[in-house]
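Here is how the chains run, residue by residue.
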Amino acid sequence: MFPTLIAATIGLLIVGVSVALFAIALSTLYVSTHAWWDPLTQASTSYTELLPKPALSFSLIMPCRHESERVMASTLKHLCEQDHPNVEVIISVGHDDPETAATAYRLAARRPEKVRVSLDSGAVKNKPQQLNTALAICRNDIVGIFDAESIAAPDLLLHVDSCFQIRNADVVQGAVQLVNYRDTWYSLRNCLEYFTWFRSRLHAYAKQGFIPLGGNTVFIRRDVLGTINGWDARCLAEDCDLGVRLSVLHRRIVIAYSPHLVTKEETPDSIRSLVKQRTRWSLGFMQVHAKGDWKTLPTMRQRCMAWWTLMQQHFMAFAGLCLPFSIGTAVLGKYPVPITLLAFVPLVPAVAALAFDVCMLHEFGRDHGYRIRMYDYLRLVAATPFYQVLLAFAALRALIKFRRHDFRWEKTSHSGSHLEYLGAAAKA
């Protein structure tokens, strides 16, 4: 009797987990393919037409921490050489990072008419704190954020300016693309993840009126930032939190994508850095979820979308951990055929998503001028389960830190690998 009860309980558990995994995989597949459902949807994700004359001015904040001069100088050069005529750059550094601060002052001295330095002396050190300190000295209409290792397209601000004017936007979110796809086993998977996020998933969220903003290549009207007191300095996902608060206030947020206007970055330079980055993101999403601002969205549909979006990384981690366990238990446990078959159901959308990723890899290469080899396709497929395990580990690590109220900022280090790819592309 007792063994039968245990078997029945495990059988029900397998069915429940399979249904949950199927729903997670299906929803992920839907938002990932949103931009490709029809040509009109894909066209709607582009920037607006370029107006003949810019009308706005830009203050670009470049937060830096423990960065090399080579990486900072390249980013600053591309920001200062924008085609837009009215741009200032604020390099944001912490007072406890004297080497980076010295580099910032040295770089600013070369362009005193355009570049200034913001020195944050607060006790807590993190990106949102530095952004708030820098915001206080911004002078122009639009505040833009570029991470220290970002390479912006020269005409990006002209297009963003037109977007603000034509769409009457409060926020314009541009796209970021990691480019060093051949460096490590995980870098290709990481690059494709960014490609799908900015090319499709973010547009799917925007359509529902709930947008977790990115922390790079995002532009906000300075007066709008003033009304909400800037960024939440306690939040590790300050970009997501900003998107949630602005969505609640019904601010007009425009998401725009064009292959030649993406800001180019590099993947984390080691598995350790990747896990730290994903832990920080997951922990930040947990903070935003716990704050509960999303609960004040006006419609039930938007609140459900917000809840679903803020839980996405954890769903993926849950899927990565449970799918092998569920299938293995069903097969080895000799359960009835219907239960064994149900355990395999989540594989259907998961395999479909992997097939979609293979197609997206082709498009990624076409959009950015990279020659994708058969080896790259095989590497993408082979790396997927191991990459999922990394995400699962990072999410579990974040959950432990959340329970311990450990919200210390873990920095993602940069090696400048993306500069080598851009240099090679320029010579080609």
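This text follows the structure it describes.
Residues numbered from 1 in each chain as written. Predicted model: local features only at pLDDT ≥ 70, side-chain atom pairs only at ≥ 80, totals over all residues. Heavy atoms only, no water.

From N to C terminus, the protein chain includes 16 helices and 9 strands. For 428 residues, the compact-globule estimate of 2.2 N^0.38 gives 22 Å, and the protein chain sits close to it at 22 Å. Viewed in the frame of its principal axes, the protein chain has a C-alpha envelope of about 80 × 45 × 40 Å. When the 428 residues of the protein chain are sorted by exposure, 57% land in the buried category. Taking contacts inside the protein chain between residues at least 6 apart in sequence as the whole, the part at least 24 apart equals 83%. Side chains of the protein chain give 45 positive and 36 negative charges; the mean places of these two sets differ by 5 Å. (Helix = DSSP H or I, 4+ residues; strand = E, 2+ residues; numbered from the N terminus. Rg over C-alpha atoms; globule rule 2.2 N^0.38 Å. Buried < 20%, exposed > 50% of the residue type's maximum accessible area, 1.4 Å probe, protein only. Contact = heavy atoms within 4.5 Å. Lys, Arg positive; Asp, Glu negative; His and termini not counted. Charge placed at Lys NZ, Arg CZ, Asp CG, Glu CD.)

With respect to the helices and strands, the residue Trp281 is situated in helix α10 (residues 271-291). Taking the C-alpha atoms as reference, Trp281 lies 19 Å from Gly174; in sequence the two are 107 residues apart.

Here the focus is unusual backbone geometry. Phi angles above zero are rare outside glycine, and Thr217 is one such case at about 55°. Tracing the backbone shows Thr217 in the loop between α7 (187-207) and β7 (218-221). The class for Thr217 is buried, based on a relative accessible area of 0%. One non-glycine residue with positive phi stands out, namely Asn229, at about 60°. Within the secondary structure, Asn229 is located in the loop between α8 (222-227) and α9 (238-248).

What follows covers the pairing of strand β3 (residues 115-120). Note: strand β2 (residues 87-94) against β3, 6 bridges, orientation parallel. Residue pairing for β3: Ile91 is matched across the bridge by Val117. Handedness of the crossover is the feature at issue here: the chain leaves β2, passes through helix α4 (residues 98-110), returns alongside β3, and the resulting connection is right-handed. (Pairing = 2+ DSSP bridges. Right-handed = clockwise from strand over helix to strand, strands pointing away.)

On to the packing of helix α14 (residues 347-368) against helix α15 (residues 374-403). Orientation of α14 relative to α15, taken along the N-to-C sense of each, is 145°, at an axis distance of 10 Å. You can see that α14 and α15 cross each other, and the crossing is right-handed. On α15, the residues that touch Leu354, Asp357, Val358, Leu361 and His362 of α14 are Asp376, Tyr377, Leu380, Val381 and Thr384. Across the contact of α14 with α15, the residue classes tally to 6 nonpolar, 2 polar and 2 charged. (Axes fitted to C-alpha atoms, helices over the stretch in contact; angles between N-to-C directions. Left-handed = near helix turned anticlockwise from the far one by under 90°. Nonpolar A, V, L, I, M, F, W, Y, C, P; charged D, E, K, R; others polar.)

On to the state of the cysteines. Inspection of every chain in the model, using the stated rule, returns 0 disulfides. Looking at the unpaired Cys64, the closest cysteine sulfur is the one in Cys80, lying at 12 Å. Given the relative accessible area of 7%, Cys80 is considered buried. (Disulfide = S-S within 2.5 Å.)

To continue, consider the pattern of salt bridges. A complete count under the given rule lists 25 salt bridges for this structure. We note a salt bridge from Arg251 to Asp170, for which the minimum N-O separation is 3.8 Å. Of the two residues, Arg251 sits in the loop between α9 and β8 (253-255) while Asp170 sits in the loop between α6 (156-167) and β5 (171-173), which places them 81 residues apart along the sequence. For Arg251, a relative accessible area of 31% gives the class partly exposed. For Arg366, the salt bridge goes to Glu363, with nearest N and O atoms at 3.5 Å. One end of the pair is Arg366 and the other is Glu363, both in helix α14 and 3 residues apart, which spans about a single turn. (Salt bridge = Lys/Arg side-chain N within 4 Å of Asp/Glu carboxyl O.)

Attention shifts here to the environment of His250. Inspection of the secondary structure assignment puts His250 in the loop between α9 and β8. What makes His250 exposed here is its relative accessible area of 57%.

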